[in-house]
Amino acid sequence: MPLVQLKPSQLRLTLNPQSLGFTDTSELAGESLPWIGQARAEKAARFGLGLDHPGYNLFVLGEVGSGRSSLLEAAMREEADRRPAPPDLCYLHNVDAPERPLALRLPAGQGRVFRDMMAAMVKNLLLEIPRRLSAADFKAESERINKAFKDQEAIAFAALAQQAAKRQFSLFRKEDRMIFSLLAEDGHPVTDEDMIALPQERKSEIERNENELRREIAAFLESMRPKERAAAEAVKQLKRHLVKPLLEHELHAIRAALKQQIKDTLKLNAYLDTVERDVLEQLELFGSADAAAQAELLDLMTRYQVNLVVDNGGCLCAPVIVEDNPVFRSLFGSIEYQVEDDVLVTDFSRIRAGSLLRAHGGFLLLHLRDLLADPLVWEKLRRFLRSGRLQIEDPTSFNAPSPVVSLEPEAVDVAVKIVLVGSREHYYQLQEDDPEFGRYFRIKVDFAESFKADTLTHRASATFIAHICERHGQPHFTAAAVARLLEEMHREADDQTRLYAVFAYLEQLVVESAAMAAGSLVQRAEVEAALAARIWRHNYPDQRMHEEIAEGERMIMVQGERVGRINGLTQLDLGDHRFGMPVVVSARTFPGKEGVLNIAREVEMSGPIHDKGMFILQTYFATLFAHLGPLSVNGALVFEQEYFGVEGDSASCAELYALLSSLSDLPIRQGIAVTGALNQFGEVLPVGGLNEKIEGFFRVCQSAGLDGTQGVILPSRNQPHLMLNPDVLAAVEHGQFHIYVIDQVGEGLELLLGAPFGELDSRGNYPPNSVLGSVQKTLMRYRRMCHMEEHPKGGEYRAGLRNR
């Protein structure tokens, strides 16, 4: 196909406002908002959310701003509405192992009932047990039991005292001790002086009597201990008999309130039985006036609190949690501490649930980038996904500065559907680095960057604009204003047939355009003004580079002709702003054996894609003149005044044209810029950033003065990607600027160099008046020069003459 000049109508998609089917967006506010252009993602998401099976978690990948998080959250809530509220989760004191609190799941709302009833029971016990233990009947019976023991003890002690008196010892009790002393004949205690004065025989007799008395005292105490224990046990049994009906009544009320069948029924009953046994074993603390006993009693009662870590009592459906701050504590739960005697201590009541526990039975949305920021969080999540069980732990306790009394709460099964949002790069990197990743995230929800435009997607996008206006309370948009916004979305997609899928950008344009509105509706002109203002806020680097060109600091010629110099087109993407800029590609050639040199590659300022393009160029160039045998040419290609590196292959055509110009000595029109990649067969391949590249060069030409000879050559396969601004269209309409497309690289040479490309004739030569014919002539001259240098006394180079 020869060089084709495009018409203005081919350079941009212009939407007819009447084709949209409404006057302004207020007519669309009542319409539901679909997943615009994301049918694949929607189908995958709904399938994954509805599939209740381990391992079928969702990984959502796509561009930031594509609606991936908000759309998934809405889909999660729709699915959650069809599911029942999950059970509550409580942590309880473990009497047998306090460092290992028990986990208990109860039906939604029952956890709150259990907690309140246990608190009411504790309050009632603290009031009722002392009252019952101070009742007259209990006091009378306990006194009778104690009196019976005391009477037995008194009789036994009187007998013991008689035995002591026979041995001339007095015996009496003082508090819990027994004291005896030796008596003289007159009944008075023997003093130390009297003992010294006694004969040795008397001293020995006294010692024998004392030992016998000690044995009798020991026997007395030994006989009294069982009776004392029996009396104490009798009093304790009396207390139990008195308190047990109260306890059974309280616990029966709790069991009756929690009568629903639950998975943890046996665990609940066992816990309540343990509470009953524990209270009955500590009855001596009730009613005591001792401060230490009262403190111990309060500590005992705190054991029976219920730590309701997850309360779903107010929920009507499954939970949906979006965790925006997935640090270790907020995601997996935590254990709080307090300082006592310079030691960090805790108990079961200080266990706190994280997002995973609160999302049990429902859905949890996380952002992968947040998780990867903390390797400890990511590793803990991987272990959870492997086991399905969650163990609450606090990693800070491992590095605590002082000894820590820590807990090991019982691990619990957690059934949660995790929706992980991330980039494509992260997704495929994890697939490669972590073989288990694919087992846990089997549903891939892929949000497209762009989608096919048609009547339905245009209307859906207009509905989105209407919803934005309603949400922000902004003026609605006329159909013409909507058409202009949609054209901008086509431009962002770099395609006349596709729309940009990042609707966050469209929302920004809606908000900024509405801020420009002077009336009750946003007009097309106000959208234009908002777009211009947006560009102006971000285009300082763009403006500064154009000023450098206008001031001659950057040497860009857009008029006249030069050998070995051509204007290539580049795009710079700063993240918040993209713009195009011409760059001079120059070539110099001379005789030699080293071939074409890529200067940027030699100084390591080129990327791999650019290097690949250069190798393809060299291969294609060598193929054009393969019939001549090995080439004797040295050449150098460079991007002039480029100091920040070169990447991409979109300048391959321009580099080839500069090389052919240098070899043919034919000048290139400087008013024609070129962009396009090249394959090994000379076919021109499409490139990116086309609109910005053309507009950047147009601005340079406009600044220098449009003379009707300037324009751009680009790949014909890029024609559907053109969405040029109105200034360029107007210049093309008036013949001041031109857009040309080519399929083969040779098709642009006649416009640039004023000579045809050239084709081999039957003798294997290119026509003398063609570009390739001129290049062939130069290459033959280079070969002769190289041969003469290698063979200074040699004869005529026959092969060279034969191919002239």
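Predicted model, so just to flag it, every value in this text is computed and none were measured. (Residues numbered from 1 in each chain as written. Predicted model: local features only at pLDDT ≥ 70, side-chain atom pairs only at ≥ 80, totals over all residues. Heavy atoms only, no water.)

Describing the pattern of salt bridges
Right, so step 1: Within the structure shown, the criterion is met by 42 salt bridges.
Right, so step 2: Between R131 and E128 there is a salt bridge, with the nearest N and O atoms lying 2.0 Å from each other. With a gap of 3 residues between them, R131 and E128 both fall in helix 3 (residues 110-133), about one helical turn apart.
Right, so step 3: As a salt-bridge pair, D273 and R255 come within 2.7 Å of each other at their nearest N and O atoms. Here R255 lies in helix 6 (residues 200-257) and D273 lies in helix 7 (residues 265-281), a separation of 18 residues in the sequence. (Salt bridge = Lys/Arg side-chain N within 4 Å of Asp/Glu carboxyl O. Helix = DSSP H or I, 4+ residues; strand = E, 2+ residues; numbered from the N terminus.)

Thoughts on the side chain of N567
Right, so step 1: Summarising the element assignment, N567 is placed in strand 23 (residues 565-573).
Right, so step 2: Here M557 takes part through its backbone oxygen, which lies 2.7 Å from a polar atom of the side chain of N567.
Right, so step 3: The contact partners of N567, leaving out residues within four places of it in the chain, are I556, M557, V583, V584, Q670, I672, A673, V674 and F697. (Polar contact = N/O pair within 3.5 Å; in protein donor to acceptor, adjacent residues only side chain to side chain. Contact = heavy atoms within 4.5 Å.)

Here's the deal with the nonpolar core
Right, so step 1: By size, the foremost hydrophobic cluster in this structure holds 47 residues, and its most contacted members are I566, F625, Y657 and L752.
Right, so step 2: With 8 residues, the single largest contributor to this core is helix 22 (residues 652-664).
Right, so step 3: In this structure, I566 is in contact with V583, V584, V585, A654, Y657, A658, I668, I672, V674 and L752, ignoring residues within four places of it in sequence. (Core = buried A, V, L, I, M, F, W, Y, C linked by side-chain atoms within 4.5 Å. Buried < 20%, exposed > 50% of the residue type's maximum accessible area, 1.4 Å probe, protein only.)

Quick word on helix 19 (residues 540-550)
Right, so step 1: Along helix 19, the residues classified as buried are D542, M545, H546, E548 and I549. In a view along the axis of helix 19, the buried residues occupy a sector of 155 degrees, so they form one face of it. Opposite its buried face, helix 19 presents the exposed residues Y540 and A550, each directed more than 90 degrees away.
Right, so step 2: Lining the buried residues of helix 19 we find strand 23, strand 24 (578-590) and helix 23 (690-704).
Right, so step 3: Looking one or two residues beyond helix 19, the residue adopting positive phi is G552, at roughly 85 degrees. (Arc of directions from axis to C-beta.)

Remarks on the sheet that holds strand 8 (residues 320-322)
Right, so step 1: Spatially, 5 strands are ordered 8-13-16-2-17 in an open sheet, and the strand pairing comes out parallel. Each edge of the sheet is formed by a strand with only one pairing partner; in this case those strands are strand 8 and strand 17 (443-446). Between one strand axis and the next, the sheet turns by 20 degrees as a mean value, whatever way the strands run.
Right, so step 2: Where strand 2 (residues 58-61) and strand 17 come together, 4 bridges link them in parallel fashion. If you follow L61 over to strand 17, its bridge partner there is D446.
Right, so step 3: Along the sheet face, helix 2 (residues 68-80) touches strand 2, strand 8, strand 13 (363-367), strand 16 (417-422) and strand 17 and points at about 170 degrees away from the line of strand 13. (Pairing = 2+ DSSP bridges. Axes fitted to C-alpha atoms, helices over the stretch in contact; angles between N-to-C directions.)

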